[in-house]
Amino acid sequence: MEAATWRHLKSILEQALERADDDRRDYVAQACIDSPYLRARVNSLLDEADAPTNNFLEFPAKFPNISSYKEPAWVGKKVGPFRVVRRIALGGMGQVFFAEHEDSRRRQTVVIKAMRGDVDSQAMRRRFEQERWIHAQIDHPFIVRMVERGTIEGQPCIVLEHVDGLPIDAHCRIHRLSLRDRI
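Computed from a predicted structure; not experimentally measured.

Draft legend 1. Spatial organisation of the nonpolar core. One finds Trp 74, Val 79, Phe 82, Val 84, Phe 97, Ala 99, Val 110, Ile 112, Ala 114, Ile 152, Cys 157 and Val 159 forming the largest nonpolar core, which totals 12 residues. At the level of secondary structure, the elements contributing two or more residues to this core comprise β2 (82–90), β3 (94–101), β4 (109–115) and β6 (155–161). Those residues within four positions of Val 159 in sequence are excluded, and the remaining contacts are Val 79, Phe 82, Val 110, Val 111, Ile 112, Arg 145, Met 146, Val 147 and Glu 148. Membership of the second largest hydrophobic core comes to 10 residues, among which are Ala 16, Cys 32, Leu 38 and Leu 46.

Draft legend 2. How the structure looks around the sheet that holds strand β1 (residues 78–79). A sheet is described by the order of its strands in space; here 6 strands give the open sequence β1-β2-β3-β4-β6-β5, paired in antiparallel fashion. Two strands lie at the open edges of the sheet, namely β1 and β5 (146–152), each paired on one side alone. Examined bridge by bridge, β2 and β3 share 7 bridges and lie antiparallel to one another. Residue pairing for β3: Arg 83 is matched across the bridge by Glu 100. Across the sheet, helix α4 (residues 122–137) touches β4, β5 and β6, and the angle it forms with β6 is around 25 degrees.

Draft legend 3. Quick peek at α4. Over its 16 residues, α4 extends 23 Å from the first C-alpha to the last, a length consistent with the 22 Å expected when each residue adds 1.5 Å. Met 124, Phe 128, Arg 132 and His 135 are the residues of α4 that are buried. Mapping the buried residues of α4 onto a view down its axis gives an arc of 80 degrees, with all of them on the same face. In this structure, α4 carries Gln 122 and Arg 127 as exposed residues pointing more than 90 degrees from its buried face. Structurally, α4 contributes buried residues whose contacts are with β4, β5 and β6.

Draft legend 4. Just the packing of aromatic side chains, in detail. For the structure shown, the criterion picks out 1 aromatic pair. Seen in terms of ring centroids, Trp 74 and Phe 97 are 5.3 Å apart; in terms of plane orientation they differ by 55 degrees. Their pairing is tilted. In this pair, Trp 74 sits in the loop between α3 (36–50) and β1 while Phe 97 sits in strand β3, placing the two residues 23 residues apart along the sequence. Among the residues examined, Trp 74 registers a relative accessible area of 3% and is labelled buried. Judged by relative accessible area, which is 0%, Phe 97 ranks as buried. Seen from the ring of Trp 133, Arg 41 lies directly overhead, with NZ or CZ sitting 4.0 Å from the centre.

Draft legend 5. Representation of unusual backbone geometry. One non-glycine residue, Glu 153, lies in the positive phi region at around 50 degrees. Here Glu 153 lies in the loop between β5 and β6. Judged by relative accessible area, which is 53%, Glu 153 ranks as exposed.

Draft legend 6. Spotlight on the confidence of the model for the protein chain. Overall, the prediction assigns the protein chain a mean pLDDT of 82, with 86% of residues at 70 or greater. Mean pLDDT values for the elements of the protein chain range from 83 in α3 up to 91 in β4.

Draft legend 7. Expanded view of the pattern of salt bridges. Under the definition given, this model contains 9 salt bridges. Here Arg 24 makes a salt bridge to Asp 21, at a shortest N to O gap of 3.4 Å. Residue Arg 24 and its partner Asp 21 are both found in helix α2 (residues 21–31); the two are separated by 3 residues, about one turn of the helix. By relative accessible area, which is 56% here, Asp 21 ends up exposed. Put simply, Glu 131 and Lys 113 hold a salt bridge, and the shortest N to O gap is 2.6 Å. Taken as a pair, Glu 131 in helix α4 and Lys 113 in strand β4 lie far apart in primary sequence, 18 residues in all. According to the relative accessible area criterion, Glu 131 is partly exposed, its value standing at 25%. Residues joined in a network through salt bridges with shared partners are Lys 78, Arg 83 and Glu 102.

Basis of the calculations
- Residues numbered from 1 in each chain as written.
- Predicted model: local features only at pLDDT ≥ 70, side-chain atom pairs only at ≥ 80, totals over all residues.
- Heavy atoms only, no water.
- Core = buried A, V, L, I, M, F, W, Y, C linked by side-chain atoms within 4.5 Å.
- Buried < 20%, exposed > 50% of the residue type's maximum accessible area, 1.4 Å probe, protein only.
- Helix = DSSP H or I, 4+ residues; strand = E, 2+ residues; numbered from the N terminus.
- Contact = heavy atoms within 4.5 Å.
- Pairing = 2+ DSSP bridges.
- Axes fitted to C-alpha atoms, helices over the stretch in contact; angles between N-to-C directions.
- Expected span 1.5 Å × (residues − 1).
- Arc of directions from axis to C-beta.
- Phe/Tyr/Trp six-rings, centres within 6.5 Å; stacked < 30°, edge-to-face > 60°.
- Lys NZ or Arg CZ within 6 Å of the ring centre and 35° of its normal.
- pLDDT = per-residue confidence, 0-100.
- Salt bridge = Lys/Arg side-chain N within 4 Å of Asp/Glu carboxyl O.

Structural data, given as structure tokens:
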């Protein structure tokens, strides 16, 4: 999303949130009369803002135990032209795999970030879809580029450029970076 479009969206969203719940949709429809795309994006954000929180701060998130997670047999599987070589990370909601372009002459390596099957829910899929959408919009020299989006055995995934190097937390520890330098 271009910066000007984002600023416009943000302005409409802020003004809509200042209105009574009953007036928000009418305001957005009028403010976005020439852009169904913008109207849909603002309404989507309003839906998120209006979603019940269920006192989420009072109850910690519960994720399945990583140590009991059975790794899917994805080594050797394909996402687009990329073949999974090995898993390189596992977190609370997702896992990351190293993959190579099927045509060895291209020498292109990527990472594939996929949802863990044991945390699959409608809410988690929606968050993952938002992450995929955000990645598709970003074009910055210090943020990995999204190569494509896809699925691997029904699980949504993001194919990102592979950047060789240390994980950021290891880099910070090795170089004993202060809090200010880490930020």
